[in-house]
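Breakdown of the fold
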Amino acid sequence: MKVVVTGGAGFIGSHLSRKLIHEGHEVVIIDELHPYYSINRKNRHLEFIKESGEFRFFQKSLIHNEKEVRDIFLSFQPEAVIHLAAIPGVPHSIEVPNEYVDYDIKATINALRFAGDSEAKQFIFASSSSVYGEQKNVPLEEEMATGRVVSPYAAAKFSAEAFCHAYASLFPYKVSILRFFTVYGPWGRPDMAITKFIKKLLAKEEITLFGKGTARDYTYIDDCVNGVLSAFNQKVRVGTYNIGSGKPIYLEELVDQLRMHFPELTVGQGAFRQGDVHSTWADIRKANEQLGYYPAVSFSEGLANTIEWAKKHETEIC
Ligand SMILES: NC(=O)c1ccc[n+]([C@@H]2O[C@H](COP(=O)([O-])OP(=O)(O)OC[C@H]3O[C@@H](n4cnc5c(N)ncnc54)[C@H](O)[C@@H]3O)[C@@H](O)[C@H]2O)c1
């Protein structure tokens, strides 16, 4: 199948593109190599993808190179568009909220339009667990997102989801809205807690915990990639699905597991960060029943793989 992956030079996009290529799909990656984090790291992602075979890469922006990107879509005629391109990160969204309107909303509108104009059959959107905001009841079911979010990043993702619904009524493609829950693994994004902690621990430095008693549904990257691929099984025209592990890991448990790999670990305490939620926990029954999604990697196994990778690579890349 012909597949466009926007944001394919990013963390999730590079793993996903490898798998798509490995499975024999024809892949076009569109990524502007945004400097939210090191461009060197994104170029390394592209080399990592190349190990699995041929693909085409266009360093273009969905918002700054609209015409060129539309032309790429029209000439390639993708059957599926997987839209991962966005600026991620809750704290940064508090500093520059308007950029999230451009990169997380407007870029999604353009991807939806170009996918429709090029007659794609399916549009898959990378949304986020952050759209649930703070909730009393867990696990989080798809219907529980009401727009009462707590960060500009989450507001942008929730709004982009609304545009997915709007364009699903304007074009005949299937639309899959996938809400990813804190994805980690080799090549993990350098602004995320697990990547940061491991890097600090390898340098024998103290790690800082923000808040106490918080929990995250950590999703191993291979499970996330399989979750995206499972969306190809979607039968309904528009579907929203949680892609998580289905199990919350408390911060204290994360520290205990890290201590097994780094017995010298020392911890500093920081304040709970504005814009964060206290806990996330995905109800994955819908994705399981309708898409056949099933996370296979336990947290201890995923963490061990990530640490093993970091020991080899994390010190030589920034
Ligand atoms: N990693 C997670 O835990 C997580 C959780 C929830 C949702 N998500 C979402 O999944 C997607 C992928 O996340 P990631 O962790 O791989 O992030 P990432 O930053 O590693 O990847 C995003 C990529 O998109 C590119 N990009 C951004 N704006 C662009 C534009 N306008 N045009 C072209 N390219 C552009 C960036 O250069 C980057 O390479 C994002 O939409 C993110 O919001 C990620």
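In case you missed it, the structure is sitting above this.
Let me sum up the structure you'll find in this document. (Residues numbered from 1 in each chain as written. Predicted model: local features only at pLDDT ≥ 70, side-chain atom pairs only at ≥ 80, totals over all residues. Heavy atoms only, no water.)

Moving on, we come to the environment of lysine 286. Its location among the elements puts lysine 286 in helix α10 (residues 285-291). Separated by 81 residues in the primary sequence, lysine 286 and glutamate 205 place their C-alpha atoms 41 Å from one another. With sequence-adjacent residues up to four places away left out, lysine 286 is seen in contact with Glu142, Glu143, Thr240, Tyr241 and Leu291. Within the structure, lysine 286 has its side chain in polar contact with the backbone oxygen of threonine 240 (distance 2.9 Å). (Helix = DSSP H or I, 4+ residues; strand = E, 2+ residues; numbered from the N terminus. Contact = heavy atoms within 4.5 Å. Polar contact = N/O pair within 3.5 Å; in protein donor to acceptor, adjacent residues only side chain to side chain.)

According to the stated counting rule, one finds 1 cavity of 30 Å³ or more in the structure shown. Put simply, the largest cavity is a space of about 40 Å³. Put simply, the parts of the chain that give the lining of the largest cavity at least two residues each are α7 (193-202) and α11 (299-313). Per element, the largest residue contribution to the lining of the largest cavity is 3 residues, and it comes from α11. Of the residues in the lining of the largest cavity, the class split is 3 nonpolar, 4 polar and 1 charged. (1 Å grid on protein atoms, 1.4 Å probe; cavity = no way out; pocket = protein on both sides within 12 Å on 5 of 7 lines; lining within 4 Å. Points joined across faces, edges and corners; volume = space filled by probe spheres on them. Nonpolar A, V, L, I, M, F, W, Y, C, P; charged D, E, K, R; others polar.)

Here we take up the packing of helix α3 (residues 66-76) against helix α5 (residues 97-117). It is at 9 Å that the axes of α3 and α5 come closest, and there the two elements cross at 35°. Two packed elements cross with a definite hand, and for α3 against α5 that hand is right-handed. For the pair α3 and α5, contact is made by Glu66, Val69, Arg70, Phe73 and Leu74 and by Asn110, Ala111, Arg113, Phe114, Ala115 and Asp117, respectively. Grouping the constituent residues of the contact of α3 with α5 by class yields 6 nonpolar, 1 polar and 4 charged. (Axes fitted to C-alpha atoms, helices over the stretch in contact; angles between N-to-C directions. Left-handed = near helix turned anticlockwise from the far one by under 90°.)

Taken together, the neighbourhood of the ligand is formed by 30 residues, with Asp31, Tyr37, Leu84, Tyr153 and Val183 sitting nearest. One of the backbone N or O atoms of glutamate 32 is found 3.1 Å from a nitrogen atom in the ligand. For the ligand, an oxygen atom lies 2.8 Å from a polar atom in the side chain of lysine 157. Bound to the protein, the ligand loses 98% of the 820 Å² it would expose on its own. Sorting the residues of the shell around the ligand by element identifies α1 (11-22), β5 (122-128) and α6 (152-168) as the ones contributing at least two each. Ranked by the residues each element gives to the shell around the ligand, the list is headed by β5, at 3 residues. When grouped by side-chain class, the residues that make up the shell around the ligand number 17 nonpolar, 7 polar and 6 charged. (Near = heavy atom within 4 Å. Areas by Shrake-Rupley, 256 points an atom, 1.4 Å probe, with all protein chains shown as cover.)

Scope: geometric values only; no functional claims are made or implied.
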